[in-house]
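# Chains, contacts and geometry: an overview
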Amino acid sequence: MKPFPARKELRPLKGYFMRAFLCSALLAGSSLFSTVSPAAAQPVEAPKTLSAEEAAADLDQLYAGLRSAEADLFEATPRSVFDARFDEFKDSFSGPVSLTRLHAVFQKFAALARHSHTRIDSLNPGWTDHVSAGGLIFPLTFLVENGEVIVSGAPEGSGVEPGDRILSIDGEPNPIWLSRVKAFVSAETPEFAYAQMVGGEPYFMWLAYGSKNQFSVGVERGSASSTMVLDAIPIEAFSDLVTHVPGFSLEGRDARMLNDSVAYLRPGPSFNLDAATPEDSYAPEALAIYTAFIDAAFEDFIARGADHLVLDLRDNPGGDNSYTDPVIAWFADKPFRFASDFLIRVSPETIASNQSRLDAQQGDADNLSAKLAELYVDSEPGSLVSFDVPCVEPHAEPRFHGQVHVLVNRYSYSNAVTTTALIQDYGFGTIYGETTRDMATTFGAMEHFTLSHSGFSVGYPKARNIRPNGEKRLHPVTPDVTLQAPLFRGSQDVMLDALLERLEARKK
């Protein structure tokens, strides 16, 4: 049986993927409009609309589906709040409703759950139309840290510099405009929402403010403050924003020796990096190639006599534990599993979603979907049932017997956080870095249902994953050793250097 997927899902809209999306949009823009200036671009074609009755029917289906299928929809937000917003949104449908507006309304409604996996699982269709037609975007990138909004990128000559603090947008102080933007982000905590915005500021600002040619921005530098009117920029200019020293990259996979005794492994995202479609993200042949890479890396580390392993899960978007279990097995000294309990909400939506996978798999009776189907047959819809998560055995000898040091940061997500919690709870290694923004005990194992009229795919977590130590409270992973990262990432990997210094000091 395939290991159970802790957080199996379509690729999430988080900073890692938002940057990739913006890059693809940039490439499309440069080819489509290489001879056309943004000012001369044709106006955006009016998006498809639904009738008020169709929009209301989809909202009914959205709310009913989430109540039926989400593991615990009202865990963080009372039903009374959902009911009030439902009535408010439904009453607003007084005429034809564009898909652009409907997507925004539905995403805001789903985000009320304050669960990162409860969301409309696509970009707003109006955004694609906007950038394809040369529409302008918000001209700054920023970080939210300790209550302050810090500029991380700005157009050259704009008068705003990286390190400046934003005080207001269009006259609204930070708590107001940030709340406006954050309403579109599915996240358990504000800190998690802000982390997801990084790299995707233009998209989220467009959701909150629509198409604008200028923004009034209150900024502070040192003790001096001023208000500046900044022109919006074409998406082609996004990659040219002036930043601090270009930061080092943690994308992709890497395996090497850092010195004679310390091995370094960055396993990368827990899915197929070359997937052409979501269905290819966890293809067996891709997993086989990945596992061969992991096995070769550990065999090399052992042959070279490595005493320490740095497992780098920073900037890792997560994925499926079938990719991380083979890593852990190389240094685990006892059987392990990613959860002490895995509680699934049984529903018609989840049964149908699971059946669609079974149909696509053409009758492999020993796979996970078949096991889940058996569980659902014997369970009442609406019940919360415990799935018996199988243990994974340690790798046969030779195994890696050195010390394991795991690096995480605020951009470690999903299965990367689950993996970190597993290693911490079983005592397989020491955790270093920043407290994660994503949760260790959390709601995950995404499924989807499709709204009948708009065609939007609704993602939801069908299960509650209790971390191995039994902690039921939703909480991020707190490192055993805190290593501070600079506010702006430079060319030097400060966190990794600090870890290596600690390991070197042990030798003395």
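Residues numbered from 1 in each chain as written. Predicted model: local features only at pLDDT ≥ 70, side-chain atom pairs only at ≥ 80, totals over all residues. Heavy atoms only, no water.

## Considering the side chain of E70
Relative to the helices and strands, E70 is located in the loop between helix 2 (52-69) and helix 3 (79-91). This buried residue, E70, is left without a salt bridge; R345 holds the nearest opposite charge, at 7.3 Å. From its side chain, E70 meets the backbone nitrogen of D72 in a polar contact 3.0 Å long. When residues no more than four places from it in sequence are discounted, the contact partners of E70 are G65, A113, H115, T118, R345, Y460 and P461. (Helix = DSSP H or I, 4+ residues; strand = E, 2+ residues; numbered from the N terminus. Buried < 20%, exposed > 50% of the residue type's maximum accessible area, 1.4 Å probe, protein only. Lys, Arg positive; Asp, Glu negative; His and termini not counted. Salt bridge = Lys/Arg side-chain N within 4 Å of Asp/Glu carboxyl O. Polar contact = N/O pair within 3.5 Å; in protein donor to acceptor, adjacent residues only side chain to side chain. Contact = heavy atoms within 4.5 Å.)

## Let's talk about the pattern of salt bridges
Counted by the stated rule, this structure contains 22 salt bridges. As a salt-bridge pair, D83 and R79 come within 3.7 Å of each other at their nearest N and O atoms. One end of the pair, D83, and the other, R79, are both in helix 3, four residues apart, so they sit about a helical turn from each other. On the basis of relative accessibility, which here comes to 42%, the residue R79 falls in the partly exposed class. Salt bridges sharing partners connect three or more residues here, namely E145, R410 and E434.

## Let's talk about the packing of helix 9 (residues 284-303) against helix 10 (residues 321-329)
Helix packing geometry: the angle between the two helix axes and the distance between the axes. Running from N to C, helix 9 and helix 10 point in directions that differ by 20 degrees, and their axes come no closer than 10 Å. Regarding the angle of helix 9 to helix 10, the classification is roughly parallel. Here helix 9 and helix 10 pass one another in a crossing that is right-handed. Within the contact between the two elements, helix 9 uses A286, L287, Y290, T291, I294 and F298 and helix 10 uses S322, Y323, P326 and V327. For the contact of helix 9 with helix 10, a count of residues per class yields eight nonpolar, two polar and no charged. (Axes fitted to C-alpha atoms, helices over the stretch in contact; angles between N-to-C directions. Parallel < 35°, antiparallel > 145°, perpendicular 65-115°, else oblique. Left-handed = near helix turned anticlockwise from the far one by under 90°. Nonpolar A, V, L, I, M, F, W, Y, C, P; charged D, E, K, R; others polar.)

## As for unusual backbone geometry
Along the chain, E397 connects to P398 via a cis peptide bond; the corresponding omega equals 5 degrees. Looking at the element boundaries, P398 is found in the loop between strand 16 (384-386) and strand 17 (403-408).

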